[in-house]
Amino acid sequence: MFDTKIQSYINNNFINSSGLEINNINPSDGKLLNSFNENSLKEVDEAIQSAKQAQKLWEKIPAIERAVYLKKIGDKIKDNADRIVNIIVQEQGKIKSLAEGEVNNTAEYFYYMAEWARRIEGEIITSDVKNENIFLYRVPIGVVAGILPWNFPFFLIARKVAPALIAGNSIIIKPSEETSYNAFFFTKIIHELNLPKGLINVVYGKGETVGKYLSAHPDIDMISFTGSVETGSLIMQEAAKNITKVNLELGGKAPAIVLGDADINKAANKIKNARVINSGQVCNCVERVYVQNNILDEFTDTLSKVMENVNYGNPNVDNNIEYGPMINNEGLVKVEELVKSASAEGAEVITGGKSSKIENGSYYQPTVITNCNQNMKIIRKEIFGPVLPIVSFDELDEAINYANDCDYGLTSSIFTNNIKVAMRAANEIKFGETMINRENMEIFQAFHAGVRKSGIGGADGKHGLYEYMQTHGVYISYGD
Ligand code: NAD
């Protein structure tokens, strides 16, 4: 139970809202944690106007001074790590060790982006004209709206706020209505830092009201969204009204290709890890496994045993588990329906395949499904649960074609000990990220981005930072 009611954070003031009441539920047992009120659109507008004022001053501050604030935010997060971990475990259902990793990475992300202060670079271009220089400056975009999902709720705050701020922008965050309390706690701890007024604002509410309003607002200069493809598309439609820049990190359907020469044990364990993390509710979780026919039986057997040994349960009371509940009953029903559809289409559930309830929390067993084919719904739709469907193949080309034949294009993985096969596969697989012989988690100095319907633009590293900047070309003629 969270004892303080969520208040939005606008222009460095905590505001009690009186809009629609939304319940904050613990997904592990279905118990009420808290409830909060949606912001009125007038309040959201106030947040946007305060961010607009703040940005004008903030962009004039040298980046190295902006970095000092980012480092202080990182320190605050580290100082309060235990309390934040506790909040995430309760409101998202993440296991404690994963929540600890999330909180640590959130602080580190602020530190990492702070380091970019002295590394933002423009260009000088040769002109076609005598006595002329052309400078390309990197400048901030203005006011950013960050709309967040629930699956890594705290880390996603950093992924939006840190690059936005170091680049000279201000920001308004709208957390997911499923996981709003961690964002409120974030504002509580950063409030102690006396950040410039209006630089970071957090507003709360439903996507179709507050999220939509932010997306369509003419004073928002960039929408940085992480969430589903369906919502990404709706946001683009609203943003189109003002030609607002969008940065979209959307869903995934990560294939894992296991070649006949792979280390079967290693591949099975890594695929398991990349599937059950956060109950399978991660955009880059392995969603489908393509296995070469000559090792199909051995691999399937090994994977099945590895998955059978996975413990799951209520992370509020059990530390000896690999994953917790689904975020809500809707998420569970989606998994159940996909598994049922696979069975109806001729696939065979060889491990798991059932849901269970712990009090009112929704859980799904670690599941392996064989005899799947490329046309099945379970191979084409995002499952977002601890389920691994297997498709067999004869030749690498076939597996690559299967992997690429997908609406999504975020993360992919290949397991082989043959460097030539690895290089060819990495070159021919059309995804934003490819992991060779490793699990699917990205690191934040790289670039996390998807092709096809998995998104537009990306996050992390230099390229992720530059998503939050635009170029300003300045032509200087110094001749007569
Ligand atoms: P979601 O799309 O349902 O919601 C995400 C956010 O969008 C929430 O804050 C919600 O309130 C808001 N929203 C909903 N409708 C809106 C609208 N019409 N206008 C504006 N905002 C609106 O996603 P989710 O269920 O929270 O998250 C799960 C999805 O996110 C999965 O598909 C997952 O793959 C994806 N995801 C992607 C990445 C990535 O980096 N690519 C990371 C995490 C999650």
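Since the model is a prediction, treat every value here as computed from it, not as a measurement. (Residues numbered from 1 in each chain as written. Predicted model: local features only at pLDDT ≥ 70, side-chain atom pairs only at ≥ 80, totals over all residues. Heavy atoms only, no water.)

1. A few points about the site of the ligand
Near the ligand you find 29 residues, and of these Leu 148, Glu 177, Ser 228, Leu 250 and Glu 382 are the closest. At a separation of 2.8 Å, an oxygen atom of the ligand approaches a polar side-chain atom of Trp 150. Between the ligand and Glu 249, the relevant distance is 3.4 Å, taken from an oxygen atom to a side-chain nitrogen or oxygen of the residue. For the ligand, the accessible surface in isolation is 850 Å², of which the surrounding protein chains cover 89%. Only α7 (207–216), β10 (222–226) and α8 (229–240) provide two or more residues apiece to the shell around the ligand. Here the shell around the ligand gets four residues from one element, more than from any other, and that element is α7. (Near = heavy atom within 4 Å. Polar contact = N/O pair within 3.5 Å; in protein donor to acceptor, adjacent residues only side chain to side chain. Areas by Shrake-Rupley, 256 points an atom, 1.4 Å probe, with all protein chains shown as cover. Helix = DSSP H or I, 4+ residues; strand = E, 2+ residues; numbered from the N terminus.)

2. Re the confidence of the model for the protein
When pLDDT is averaged across the protein, the result is 97; 100% of the residues are at 70 or more. Averaged pLDDT values over the elements of the protein bottom out at 91 in strand β15 (residues 355–358) and peak at 99 in strand β7 (residues 143–147). (pLDDT = per-residue confidence, 0-100.)

3. Quick word on the side chain of His 217
Tracing the backbone through its elements, the reader meets His 217 in the loop between α7 and β10. Contacts of His 217, omitting those with residues within four sequence positions, involve Asp 45, Ile 48, Gln 49 and Asn 242. (Contact = heavy atoms within 4.5 Å.)

4. Focus: the sheet that holds strand β21 (residues 433–436)
The sheet built from seven strands is open, its strands ordered β14-β17-β18-β13-β12-β20-β21 with mixed pairing. The open sheet is flanked by β14 (348–351) and β21, the only strands paired with a single partner. Along the sheet, successive strands turn relative to each other by an average axial angle of 25°, direction set aside. Where strand β13 (residues 286–292) lies against strand β18 (residues 387–393), four bridges are found, and the strand directions are parallel. Each residue of the ladder has a partner; that of Gln 292, found in β18, is Phe 393. In the packing of helix α13 (residues 396–404) onto the sheet, the strands contacted are β12 (254–258), β13 and β18, and the crossing angle to β18 comes to about 140°. (Pairing = 2+ DSSP bridges. Axes fitted to C-alpha atoms, helices over the stretch in contact; angles between N-to-C directions.)

5. Let's talk about α7
What α7 keeps buried is the set Val 210, Gly 211, Leu 214 and Ser 215. For α7, the buried positions fall inside an angular range of 135° around the axis, keeping them on one side. Here the buried face of α7 lies against α1 (41–58), β7, β8 (170–174), β10 and α8. (Buried < 20%, exposed > 50% of the residue type's maximum accessible area, 1.4 Å probe, protein only. Arc of directions from axis to C-beta.)

6. So, the sheet that holds strand β5 (residues 123–126)
In space, the three strands of this open sheet follow the order β5-β6-β26, with antiparallel pairing throughout. The two strands at the open ends of the sheet, each matched to only one other strand, are β5 and β26 (469–477). Taking the axes of each pair of neighbouring strands and ignoring which way they run, one obtains an average angle of 25° across the sheet. In the sheet, strand β6 (residues 132–140) pairs with β26 via nine bridges, with the strands oriented antiparallel. Each residue of the ladder has a partner; that of Asn 133, found in β26, is Ile 476.

7. Structural notes on the side chain of Ser 28
Mapping Ser 28 onto the fold places it in the loop between β3 (21–25) and β4 (32–37). Look at Ser 28 and you get buried, because its relative accessible area is 0%. A polar contact is formed between the side chain of Ser 28 and the side chain of Asn 316, at a distance of 3.2 Å. Excluding anything up to four places from it in sequence, Ser 28 contacts Gly 93, Asn 314, Pro 315, Asn 316, Pro 325, Ile 358, Gly 361 and Tyr 363.

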